[in-house]
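Here are the chains, one letter per residue:
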Amino acid sequence: MKQQLEHLEQRLTFKQFTNDDALKLGLTLVDYAKETGVSIAVHVERNRVPLFTHLMEGTSEENVSWLYRKKSVVDHYHHSTQFIAARFEENGTTHSESSLLDPARYQAVGGSFPVRIPHVGVIGSVTVAGLTPQLDHEYVIEGVERFLAE
């Protein structure tokens, strides 16, 4: 599982990532959620500066907290939250139990993905909250794939 996630991160890279790209990526995720009839919260950052945040009808303040707890994991490790969760699971534990990071500020559950530029590195993140961790992960991946296909 971890190997597949690492391959996914290497495959889904960005050539550039401007403020307009952040807006387009965020709107791509919102449109996808509308297509499938779910409500999500979306947050996109570059260099830890928020460039897009939207909470669809049916989401709440709690989702804002989840957005930041997930994106903090990407900021810290430069990998997706799903990858970090899988890495800890491989060792028979969880991120919350064994990372030494405050679970109130860091949650390695699906839904946040790094914005990576080849030969530069991770320069930001795109995060989804509001569904199950697995569905949040699937939505963020679909949104990135749709954005990169344009």
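In the block above lies the structure referred to throughout.
Residues numbered from 1 in each chain as written. Predicted model: local features only at pLDDT ≥ 70, side-chain atom pairs only at ≥ 80, totals over all residues. Heavy atoms only, no water.

*Asks:* It is not clear to me how the pattern of salt bridges should be interpreted in this structure. Could you clarify?
*Replies:* Close approach of charged atoms allows side chains of opposite charge to pair. In the structure shown here, the tally under the stated rule is nine salt bridges. The residue Asp75 makes a salt bridge to Lys71 at a minimum N-O spacing of 2.5 Å. Of this pair, Asp75 and Lys71 are both found in helix 3 (residues 61-77), four residues apart, which corresponds to roughly one turn of the helix. Summarising the burial analysis for this pair, Asp75 and Lys71 share the class buried. A salt bridge links Glu142 to Arg146; the nearest nitrogen and oxygen atoms lie 2.8 Å apart. Taken together, the residues Glu142 and Arg146, both in helix 6 (residues 133-149) and four residues apart, mark about one turn of the helix. (Salt bridge = Lys/Arg side-chain N within 4 Å of Asp/Glu carboxyl O. Helix = DSSP H or I, 4+ residues; strand = E, 2+ residues; numbered from the N terminus. Buried < 20%, exposed > 50% of the residue type's maximum accessible area, 1.4 Å probe, protein only.)

*Asks:* Would you explain the nonpolar core in this entry?
*Replies:* One broad rule of soluble globular proteins: the nonpolar side chains tend to lie buried together. Counting residues in hydrophobic clusters, the biggest one holds 26 residues, and the most contacted among them are Phe14, Phe17, Leu25, Val44 and Val126. Counting only elements with at least two residues in this core, the list comes to helix 2 (19-36), strand 1 (41-46), strand 3 (112-117), strand 4 (121-129) and helix 6. Take this core: its biggest share by element is six residues, from helix 2. Contact partners of Val44, with chain neighbours within four places excluded, come to Phe17, Ala22, Leu25, Gly26, Val49, Pro50, Leu51, Phe52, Ser125 and Val126. Counting residues in each nonpolar core, the second largest holds eleven residues, with Leu5, Phe88, Tyr106 and Ala108 among its members. (Core = buried A, V, L, I, M, F, W, Y, C linked by side-chain atoms within 4.5 Å. Contact = heavy atoms within 4.5 Å.)

*Asks:* Quick question: what am I supposed to make of a nonpolar patch on the surface here?
*Replies:* Judged by side-chain polarity, Leu55, Val64 and Tyr68 come together as a nonpolar surface patch covering roughly 210 Å² of accessible area. Inspection of the secondary structure puts Val64 in helix 3. Owing to a relative accessible area of 31%, Val64 belongs among the partly exposed residues under this scheme. (Patch = residues over 30% accessible without salt bridge, like charges linked within 9 Å, V, L, I, M, F, W, Y side chains within 5 Å. Areas by Shrake-Rupley, 256 points an atom, 1.4 Å probe, with all protein chains shown as cover.)

*Asks:* Hey, could you run me through the packing of aromatic side chains in this one?
*Replies:* The description of an aromatic ring pair rests on the distance of the ring centres and on the angle between the ring planes. Taken as a whole, this structure holds three aromatic pairs when the rule is applied. Their ring planes at 80° and their centres at 5.3 Å tell us that Phe14 and Phe17 sit as a pair that is edge-to-face. Each member of the pair, Phe14 as well as Phe17, carries the same accessibility label: buried. On the numbers, 4.6 Å between centres and 40° between planes, the contact of Tyr32 with Tyr139 is tilted. With a gap of 107 residues between them, Tyr32 in helix 2 and Tyr139 in helix 6 connect regions that are remote in the sequence. Joined through ring pairs, the aromatic side chains of Phe14, Phe17 and Phe147 make up one cluster. The side chain of Arg69 reaches across the aromatic face of Trp66, ending 4.2 Å from its centre. (Phe/Tyr/Trp six-rings, centres within 6.5 Å; stacked < 30°, edge-to-face > 60°. Lys NZ or Arg CZ within 6 Å of the ring centre and 35° of its normal.)

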